[in-house]
Amino acid sequence: MATLNWLNENIERFLSIVLFMLFSFLMILNVLMLYITQSAIAWASEAVLTIFVFFVWIGISYAFKERKHIRVTALTEFLPVKWRKILEVIVSIMIILFFCLLIKVGIDWMSEPSVQNKTSLLLKYPMWLFYFSAPLGAALSTVRIVQNTFEDIRSLRSE
Amino acid sequence: SEGSSSSADEVKTIKVGHGASESYHMNRAWLKFEEVLEEEGDFEVEIYPSSQFGNDAEMIENVKTGDLTIATPPSSFLTDEAPSMALIELPYVFPTREAALSTLSGEWGQAQLTELEDDGLYGMGYLENGLRHITNSKLPIRKPEDLNGLKLRTMEVPAHVYLWNDLGATAEGAPFAELYNNLSTGRFDGQENPVAHIYSQKFYEVQSYLSLTGHVYTTYVPVMNIDFWNSLDEEEQQKIDSAYQAAQEYQLQLIADEESEQLKEIKNNTEFPTEVIELNDSEKQAFIKAAQPTLDHYRDELGSEEFDKFIESIKNSTK
Amino acid sequence: MEALLLFGLLFFLIAIGVPIAISLGMSSVIVIMLFDTTTLMFQARSIVTSINSYPLLAVPLFILAGDLMYSGGLSKRIIAFVDSLVGHFRGGLAYVNVLASTFFAAISGSSPATVAAIGSNMIPEMEKREYSKEYSTSLTAASGMIGVMIPPSIPFIMYGISAEQSVSALFIAGVIPGLLFAVGFMMTAYILYIKSGFVTVSGALSLTTTVHTFKKAFWALLAPVIILGGIYGGIFSPTEAAAVAVFYSLIVGIFIYRDLKIRDIPNVFAKSALTTGTVLSLVVFASTFGRILALEQVPTNLANFLTNISDNPIIILLLINIFLLFVGMFMETIASIIILTPILLPVVMQLGIDPVLFGVILTVNLAIGFCTPPLGVNLFVASGISGLSIEKLSKAILPYFVIMIALLLLISYVPSISLYLPDLLIGK
Ligand code: NA
Ligand code: NA
């Protein structure tokens, strides 16, 4: 239970710190290598980009959790508080539907026969793994939006 | 664009995507294709240049699923579907441009295109990109030893990175987009590309020497969605094939005409003087010899049988 | 028709409070489902491959470098040094504010980050020395704009990627315009200071203080030298420079200034990751939007429409500037760049306007939008620091808005202001 709680609180934070450190480190190492040993790590650019793509998708979910995504509230602020909160819930449900669609299409894509034998250019890992970043990020985001929506509904009731 | 999907006279739309710029010869080949094919009235061709629909890997997938009708990737992007295509871009496998053309249009090249069909692609043929030559800002390169310590940018293709490092350069696969600047600031001393790129990207402005090493032959492989191809009747297929043939011939002529013009302009440009170095036979032999370890390495990696078959067919094509 | 609906949906979704990134994706999906323009799979691919781009790596790294330099005490030391130079003038802290923002702009790639780094030190300090809240907050919000004009700059990176232009050329093109804005802001601040009749406390000029603060700020002042010197001296590319900036700020923050504690580092990474998530989500979902625009031939149609109105570059450029200022008021900068570059670039190229110059014009327009309501991130950050309401701040910043427009027109019609340095340094 404690682990689950910790994960719930920290999973994006933890993953994004680790991934961020990993690709920054690889890039710095590569630049240093180039000037010290005169030779670059051949696969570095691809490894860095792969980590980066996962990092971005985790970051998208992290921003949902912290409610930090850039949005315009100037117009909805004119609504009465109650209506504003109801609209908020409707918006969240729309986003959830959007992400569910994205997860479905993403998984369909990963299981396409055309993707099955595709490998990455340098590291030769299976390409579906790369494409997995999108449904993974979308799924994590969905969980966060559902949590936020429940919170919103609870606060709506308490009014 | 209303009703474009279901008009009464059944004009079929062909969406062509590629990663080159609008002025590049490959785009102009597709414009020729459009012109010839649309004359017939059965097809409408839409061309989307400059990677509007993603990079080459993504465009290939879009063709497999039918979201795009034709993609135009370099051969190196099709090695999952036709592994032997990796052989095309090895250094100094083709003795001349003519040998490359006849090998690719001959039995070996056609066999590779057939390989693509299992993966949902109809290989339309080969569209030349050109022979790659080396430019740099340091010294006139005439022999492999001149490469020692040169900071060289290559394509992000392992075979190329290995080749140049084997030859003594400090080679790195790096993105094309920033290349001009990385050359102008000295982040790289040199690069290697076909003349059309050296000219159109103005690399000669920031480089002092162009050695006509011709070390790698590069080609695009236009691929069409196979379901679309199979849905056409024979007459329609004929029309597409002959429009493609016309485009390909037009492009070969275009490259031949332009390349000598572009070389002349690079050579005679007084604002940005560039020395153009032609290698004589023995100088070229030295490069070919120096590339052998890389070739041996790839013979092991890609399978000696496939490799030897490829070399054999090149030899036959030049007879 | 599809294109009109696409834009209509986008604005509707943004208006009801859907995050801008999601609005971009959602409006595209609805249009595809209604019109069968293309398949969902086609769009899904773009959202992964759009961020599979090496130059894009510079975005999180420059965000991180800026955050690390702030946490590592670099901005604090820059302010102290600049204060020792110009703090003794009447209204000196106003110039300190602008100059410190300009220096910090050379390490930070974003405007709100510059406002946060300088404002959190400067606004309380100015208040202590009897400047009004309106005066200090509006000045900080305005001078933060310089953050994206002086390199490094995230909007320039995004434009470079969208327009296939060299990021190094764009970076250096922003330097003179950025400095012009700094001068303009200092002049405006001076006039406002005189008119306000403040009685403020100024420091005294002392050579020992200057030498002392310079010594302390040395490593901070060296950062832009290393980053820009590295790029233009051929040591690394802009993307690599971002990695070097992270490395440098870690070393200086931990070992030299010792303001950055090892245990705080994960927090800084997490904060930058969060910012990256909000910025790059726009890149992810704008890609699907952009593809429908391409399929619907919107750029070509707009180019034809505009060139039918007039073929005079001066007039078209004026129209584009008005349009961009309007967009900047309501839209987020990065999203605007990704959506508008492919639409507008063909138009301006047809008119013979240099694509690097256009990158500067676009960025300046949208950066002015940082300082205008309703959506003006600089206003939000500055108001968050000082507690001044957005309404009052929007009014107080008006004089700065006037000088911004004047300089925008100057930059638009005198290309050499932007193009002189790129021509000189990289021959392009
Ligand atoms: Na900056
Ligand atoms: Na605004």
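Bear in mind the structure is a predicted one, so any value in this text is a computation, not a measurement. (Residues numbered from 1 in each chain as written. Chains lettered and ligands numbered in written order. Predicted model: local features only at pLDDT ≥ 70, side-chain atom pairs only at ≥ 80, totals over all residues. Heavy atoms only, no water.)

*Asks:* Could you give an account of the interface of chain A and chain C, with specific residues and numbers?
*Replies:* Taken together, the 50 residues of chain A in the interface contact 56 residues of chain C. A buried area of about 4,700 Å², summed over both sides, lies between chain A and chain C, and 84% of it is on carbon and sulfur atoms. Put simply, chain A and chain C have 0 salt bridges between them. Summed over the shared surface of chain A and chain C, the result is 3 residue pairs in polar contact (both at pLDDT 80 or more). Going through the elements one at a time, α1 (2-36), α2 (44-65), α3 (81-110), α5 (127-131) and α6 (133-157) of chain A are the ones with two or more residues in the side of chain A that touches chain C. Per-element accounting of the side of chain A that touches chain C gives the leading share, 13 residues, to α2 of chain A. Residue composition of the side of chain A that touches chain C, grouped by class: 37 nonpolar, 7 polar and 6 charged. (Contact = heavy atoms within 4.5 Å. Buried area = accessible area lost by both parts, 1.4 Å probe. Salt bridge = Lys/Arg side-chain N within 4 Å of Asp/Glu carboxyl O. Polar contact = N/O pair within 3.5 Å; in protein donor to acceptor, adjacent residues only side chain to side chain. Helix = DSSP H or I, 4+ residues; strand = E, 2+ residues; numbered from the N terminus. Nonpolar A, V, L, I, M, F, W, Y, C, P; charged D, E, K, R; others polar.)

*Asks:* I'd like a rundown of the confidence of the model for chain C, residues and numbers included.
*Replies:* Per-residue pLDDT for chain C has a mean of 90; in total, 99% of the residues score no lower than 70. Confidence estimates for the predicted assembly give a pTM of 0.87 and an ipTM of 0.85. (pLDDT = per-residue confidence, 0-100.)

*Asks:* Residues and numbers for the nonpolar core, please.
*Replies:* Formed by 216 residues in total, the largest nonpolar core has its most connected members in F52 and W57 of chain A together with M145, F181, F185 and F285 of chain C. In terms of residues, this core owes the most to one element, helix α14 (residues 265-295) of chain C, which gives 16 residues. With residues near it in sequence (within four places) discarded, W57 of chain A still touches L102, S133, A134, G137 and A138 of chain A together with I47, I51, V284 and F285 of chain C. Core analysis: the next-biggest nonpolar cluster, separate from the first, contains 35 residues, Y48, L90, A159 and Y217 of chain B among them. (Core = buried A, V, L, I, M, F, W, Y, C linked by side-chain atoms within 4.5 Å. Buried < 20%, exposed > 50% of the residue type's maximum accessible area, 1.4 Å probe, protein only.)

*Asks:* Go over the pairing of strand β1 (residues 12-17) of chain B with me, naming the residues and quoting the values.
*Replies:* Residue and element names in this part refer to chain B. Direction of pairing for β1 relative to strand β2 (residues 43-48): parallel, over a ladder of 6 bridges. Bridge assignment links K12 to a residue of β2, and that residue is F43. Regarding topology, helix α1 (residues 25-39) serves as the crossover connection from β1 to the parallel β2, and that connection is right-handed. Here β1 runs beside strand β3 (residues 70-71); their pairing, made up of 2 bridges, is parallel. Directly across from G17, in β3, lies its bridge partner A71. (Pairing = 2+ DSSP bridges. Right-handed = clockwise from strand over helix to strand, strands pointing away.)

*Asks:* Break down the coordination of the sodium ion (ligand 1) for me, with residues and values.
*Replies:* Residues and elements named next belong to chain C. Coordination of the sodium ion (ligand 1) by the protein involves A105 (O), S108 (O), G147 (O), I150 (O) and P152 (O), with metal-donor separations of 2.2 to 2.4 Å. Sequence positions of the donors to the sodium ion (ligand 1) reduce to the motif A-x2-S-x38-G-x2-I-x1-P. One end of the pair, A105, is in helix α6 (residues 92-105); the other, G147, is in the loop between α8 (133-143) and α9 (154-163), with 42 residues separating them in the sequence. Owing to a relative accessible area of 0%, A105 belongs among the buried residues under this scheme. (Donors = N, O, S within 2.8 Å, 3.2 Å for Na, K, Ca; no water.)

*Asks:* Any chance you could break down the packing of aromatic side chains for me, citing the residues and the numbers?
*Replies:* Working definition: an aromatic ring pair is given by the centre-to-centre distance plus the angle between the planes. Counted according to the given criterion, the structure contains 33 aromatic pairs over all chains. On the basis of an interplanar angle of 40 degrees and a centroid distance of 4.5 Å, the ring pair of Y48 of chain B and F53 of chain B is categorised as tilted. For Y48 of chain B, a relative accessible area of 3% puts it in the buried group. With 4.4 Å between their ring centres and 45 degrees between their planes, W108 of chain B and F310 of chain B make a pair best called tilted. In this pair, W108 of chain B sits in helix α4 (residues 107-115) while F310 of chain B sits in helix α12 (residues 304-318), placing the two residues 202 residues apart along the sequence. Here the two residues W108 of chain B and F310 of chain B agree in accessibility, since each one is buried. Joined through ring pairs, the aromatic side chains of F20, F23, F52 and F55 of chain A together with F269 of chain C make up one cluster. The residue whose ring lies beneath R187 of chain B is F188 of chain B, and the NZ or CZ to ring-centre distance is 4.7 Å. Lying across the ring of F42 of chain C, R291 of chain C places its NZ or CZ 5.3 Å from the centre. (Phe/Tyr/Trp six-rings, centres within 6.5 Å; stacked < 30°, edge-to-face > 60°. Lys NZ or Arg CZ within 6 Å of the ring centre and 35° of its normal.)

*Asks:* Which residues make up unusual backbone geometry, and what values go with them?
*Replies:* Here P151 of chain C and P152 of chain C are connected by a cis peptide whose omega angle stands at -5 degrees. Positioned with a positive phi, R67 of chain A is a non-glycine residue whose angle comes to about 55 degrees. Mapped onto the elements of the fold, R67 of chain A is located in the loop between α2 and α3. In this structure R67 of chain A comes out as partly exposed when scored by relative accessible area, which is 41%. Notably, Q297 of chain C is not glycine yet its phi reads approximately 60 degrees, a positive angle. By secondary structure assignment, the location of Q297 of chain C is in the loop between α14 and α15 (298-309).

*Asks:* Quick rundown of the pattern of salt bridges? Include the residues and the values.
*Replies:* Side chains carrying opposite charge are able to pair once their charged atoms draw close together. If you walk through the whole model with that rule in mind, you get 33 salt bridges over all chains. The closest approach of N and O atoms between K118 of chain A and E81 of chain B, which form a salt bridge, is 3.0 Å. Here E81 of chain B lies in the loop between β3 and α3 (97-105) and K118 of chain A lies in the loop between α4 (113-116) and α5, a pairing that spans two chains. Counted as one network, the salt bridges with shared partners bring together K118 of chain A together with K64, D80 and E81 of chain B.

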